[in-house]
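# An overview of the molecular structure
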Amino acid sequence: MLIELRDVTKTYKRDTIEVPVLDGVTMMVEEGQFLALMGPSGSGKSTLLNLLAGIDQPTRGSIKIAGSEIAGLSERQLAGWRARNVGFIFQLYNLIPVLTAFENVELPLLLTDLTKKQRREHVMTALEIVGLTDRSGHYPRQLSGGQEQRVAIARAIVTDPTLLLADEPTGDLDAKSGQDILTLLQRLNAEFKKTIIMVTHDPHAAERATRVLHLEKGTFVAA
Amino acid sequence: MKFLSLILKSARRSKRRTALTALSVAVAVFLFSSLRAVLDGFNAGAAGSSSTRIITIRSTSLIFAMPSSHTNVIRGVDGVQDLSWANWFGGIYKDPQNFFAQFAVDAESYLRMYPEVLLSPDEKQAFLDDRTGAIVGDGLARTYGFKVGDRIVLQVGIPIYGSQDFTFTVRGIYKAGGTAVDNQSMLFHWKYADERAIEKGQIGWFVLQINDPERAAAIAADIDQKFTNTPYETKTNTEQQFMASFASMFGNLNLLLGSIAFAVVVTTLFVAANTMAMSVRERTTEIAVMRTLGFPSQVIFFFIAGEGLLISVLGGLIGAGLAMLIVNGERLGVTGGFVPAFGVSTTNALIGVGISAGIGVVAGLVPATLAARLKIVDALRRVA
Ligand SMILES: Nc1ncnc2c1ncn2[C@@H]1O[C@H](COP(=O)(O)OP(=O)(O)OP(=O)(O)O)[C@@H](O)[C@H]1O
Ligand SMILES: [Mg+2]
C-alpha cells in the first residue's frame, strides 16, 4: 500500500468554534493508481490533498506514505520529504513569472545535488514528456493556460516523485486544453506508473481515473 | 551560486522599484560619506596638530586682538623657543560667497614654525621679499584658478583694516604637508595689514614653539599668569584645543552633521524595509509554491534577506562611488580653510557600503521572517 490514511481528522478554529473539515477519514491507495477525488464545494477535498502533500497537518490520525509516517513531522523534515516525494499541480498553475519554462521546471532540482548538466537533462526530459521542449525559453506570460499547466506538470514530475497530486488541474482551462492535460496525466499513470491523486468537480475528468472517491462533509460516501 | 541567480532574477522582477530602492540607499550613503569627509577634516585638523606648538589667544575670544607688546613678555617665558603670530583677516574676494580663510602672518617666523607649509625655496624667497605678496594653498589655487604672479584684490571684511581694498600678488602656491595646515587658505604679511589698521600692532593669536611637550600645560599657565589682571588677559592652549575651538565657532558640527547622516540612514532604512515588505506581500503565492516544492523556510528566508542585501549594497556601492568621484574630484571647498579639507577616504566609502549592507539586512529581516513563517495552505488559499 502506498498511502495509508487512518482516521484522519482536521478541524479549523474559527474564533472559538471548531469547524470540522475532515471527520475520521480512512483511505488506502495502492501504488500505480490514478485516483479521482470528487465532492461538493467545501467538502474537504483540497484539505485532504494538502494533508497528503505534507503542506498541512492533521488534527488527529495517521498518514503513512511509502512506509513513513508524515503526521507529526517537523516543518523542516516535511520540506525535505515533499521535495523527494511529492509533485504538486495547482489549479492556477502557479509558475514563477520571472523564470522561463525551463527555469520553472528546474526549480525543484535546485534542492538536489545534481550538477547543472544533469539538471538540464532532467528538465529537458520532463519538458519532452509534456511536449514543450520548443517552449523552454518562454516566460509564463508568453504561454497559453494549457501550456502553463503542462510546464507545471513537468515541474511536478522532474524530481520523479513518489506521488503526483493535482488540485483541479483542469479547473481553469477550456475543454480542449483540459482534455490534453487529462490525457497527459493518464499517460503519466499508464506509461510511467505514477501514482496520481486528482481533485476534480468534473465527472468526465473523473472518468479518466482508475478509481473515484466521493467526499461529502468530511467523510467518504458511496457514489 | 544556483540560488544567487534566483535572487538576481527576483530582484529584476520590478526593475523600477529595485532601482528606486537602490537609489535611495545610494543617496544615503553618498550623504553619509560626504558628511564624514567634512567631519574627518575637522577632527584630523585637531588630531594632527603638533604637540610642541601652543597657541595664545585673548581670553575673551579669538575675535579680539592683543597688543604686539605681548611678544616680548611671551618670549621671556621659560620653555618658549620660538614665536610667531597671525591675524584673521576676513577679506572678501569679489563676492562674500567666495569664502576662504586669509591669515595675516609674520611670514618669516610663521613659515619657520610651520614646516608643513611646503613651498619651493624660490617661491618662499619671492614671498618674503614682497611686502604685498601672498601665498595660497594648492586647493584654493585650483578652486579659483590662482597662478603665481596673479593679483588678488580683497575687500576689507573687518572694519579695523580701514575701507580701502587690499591688492596682493601671488608669490607662491604651497602644498599642505600635514593636517595642521590646510591647502584652502591664503597667507600674507601681517605688516601689510597692520600698516592700514586703524589701531596698530594688534595680534590675533600667537603661535609658540616649546621645547618640551610634557610641559605644555605648565608653560601655558605661566604665560596666562603674566597677563592676569591686565586689560588683555590671555588663554593659552595646545594647538589641538585651538583647532577644536575654531571648529566650535560653527556650533557642534560633529553632532549636527552626525545627526543629519543618522536621520538619512534611518529614513532610508524605513523606505527599504517598506519596499521589501511590499514585494514579499506581492509574492505570497510564489513563496507558498516554492515551499510546496520543498524549499525549506530557512532557504526562503535567505532568498528574501539576500535580495534586500543585494539591492541595498548595490545602492551603497553607487553612493560611495559617486561620493569619491564627485567630492574627491572637486575637493571640498566647504570647510573654507579652517581645517584641512579631505576627500572621501576609502575607509569612509567602505563604512558607507557597510551601512548599506546593514540597511539591507535590517530592512530584509522582517519581510524575510514573514516569508519564512508563512503558512503554505493559507497563502495558497488567499488567491484561489
Ligand atoms: N484555513 C482555514 N481556516 C478556516 N476554515 C478553513 C480553512 N481551510 C479550509 N477551511 C474550510 O474547510 C472546508 C473545506 O475546504 P476545502 O478547501 O478542503 O474544500 P474543497 O472541497 O476543496 O472545496 P472546493 O471544491 O470549493 O475547492 C471549507 O468549509 C473551508 O471554508
Ligand atoms: Mg478545493
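As the structure is a computational prediction, the values presented were derived from the model and not from experiment. Counting restarts for each chain, with residues numbered from 1 along the sequence as it is written. Here the convention is simple: chains get letters from A, ligands get numbers from 1, in the order in which they are written. Only residues with pLDDT of at least 70 get local features here, since the model is predicted, and only at 80 or more are side-chain atom pairs given and counted; chain-wide, interface and lining totals rely on the full set of residues. For the side-chain quantities, the full set of heavy atoms in the structure was used; hydrogens and water were omitted.

On a plain count of helices and strands, chain B comes out with 14 helices and 12 strands. Relative accessibility under 20% of the residue-type maximum defines a buried residue, over 50% an exposed one, and the middle range a partly exposed one, all with a 1.4 Å probe and only protein chains included. When each of the 384 residues of chain B is scored for burial, the buried share is 52%. Surface accessibility follows the Shrake-Rupley procedure with a 1.4 Å probe radius. Residue values consider only the protein chains on display as shielding. Here chain B has roughly 17,400 Å² of accessible surface; of this, 61% comes from carbon and sulfur atoms. Numbering of helices and strands starts at the N terminus; helices are DSSP runs of H or I of at least 4 residues and strands are runs of E of at least 2.

Let's shift gears to the interface of chain A and chain B. Contacts between residues were defined by any pair of non-hydrogen atoms, one from each residue, lying within 4.5 Å. The interface of chain A with chain B comprises 25 residues on the first partner and 23 residues on the second. Regarding the contact of chain A and chain B, the summed buried area is about 2,200 Å², with carbon and sulfur atoms giving 67% of it. Only one rule defines a salt bridge in this text: a Lys or Arg side-chain nitrogen within 4 Å of an Asp or Glu carboxyl oxygen. Counting the contacts that link chain A with chain B gives 2 salt bridges. Linking B:Lys9 and A:Glu103 is a salt bridge whose minimum nitrogen-to-oxygen distance equals 2.9 Å. The definition of a polar contact used here is a pair of N or O atoms within 3.5 Å, where within protein one atom must be able to donate a hydrogen and the other to accept one, and adjacent residues in sequence count solely through side-chain atom pairs. Where chain A meets chain B, there are 4 residue pairs in polar contact (both at pLDDT 80 or more). In this description, buried area is defined as the sum, over both parts, of the accessible area (probe of 1.4 Å) that is lost when the two are combined.

This paragraph deals with the domain arrangement of chain B. Examined at the domain level, chain B breaks down into domain 1 (2-45 + 251-383) and domain 2 (60-232). What marks off one domain from the next here is an automatic or database domain assignment. The C-alpha-based centres of domain 1 of chain B and domain 2 of chain B are spaced at 46 Å.

Another aspect to go through is unusual backbone geometry. Residue and element names in this part refer to chain A. Of note in this structure, Tyr-93 is not a glycine but carries a positive phi near 60°. Here Tyr-93 lies in the loop between β6 (86-89) and α3 (101-106). On the basis of relative accessibility, which here comes to 8%, the residue Tyr-93 falls in the buried class.

Let's shift gears to the sheet that holds strand β8 (residues 195-199) of chain A. All names here are of chain A. With mixed pairing, the 6 strands of this open sheet are ordered in space as β6-β7-β8-β3-β9-β10. The sheet is open, and its two edges are formed by β6 and β10 (219-221), each paired on a single side. Ignoring which end each strand starts from, the neighbouring axes of this sheet average 25° apart. With 4 bridges joining them, β6 and strand β7 (residues 163-167) adopt parallel strand pairing. Counterpart to Phe-88 in the pairing with β7 is Leu-165. Axis definition: a line fitted to C-alpha atoms, over the contacting stretch in the case of helices. Angles run 0 to 180 degrees between N-to-C directions. Contacts from helix α2 (residues 75-85) reach β6 and β7, with the element oriented near 80° to β6. One bridge is not enough; two strands pair if DSSP finds at least two bridges between them.

Around ligand 1 sit 15 residues, and of these A:Ser41, A:Gly42, A:Lys45, A:Ser46 and A:Thr47 come closest. We call a residue near a molecule or strand whenever a single non-hydrogen atom of that residue lies within 4 Å of it. Close to ligand 1, residues of chains A and B are found. Between A:Tyr12 and ligand 1, the recorded distance is 3.5 Å, taken from a side-chain N or O atom to a nitrogen atom. A:Lys45 places a polar side-chain atom, nitrogen or oxygen, 2.7 Å from an oxygen atom of ligand 1. With the chains in place, 75% of the 630 Å² that ligand 1 exposes on its own is no longer accessible. For the shell around ligand 1, the secondary-structure elements that each account for two or more residues are β1 (3-14) and α1 (45-53) of chain A together with α14 (376-383) of chain B.

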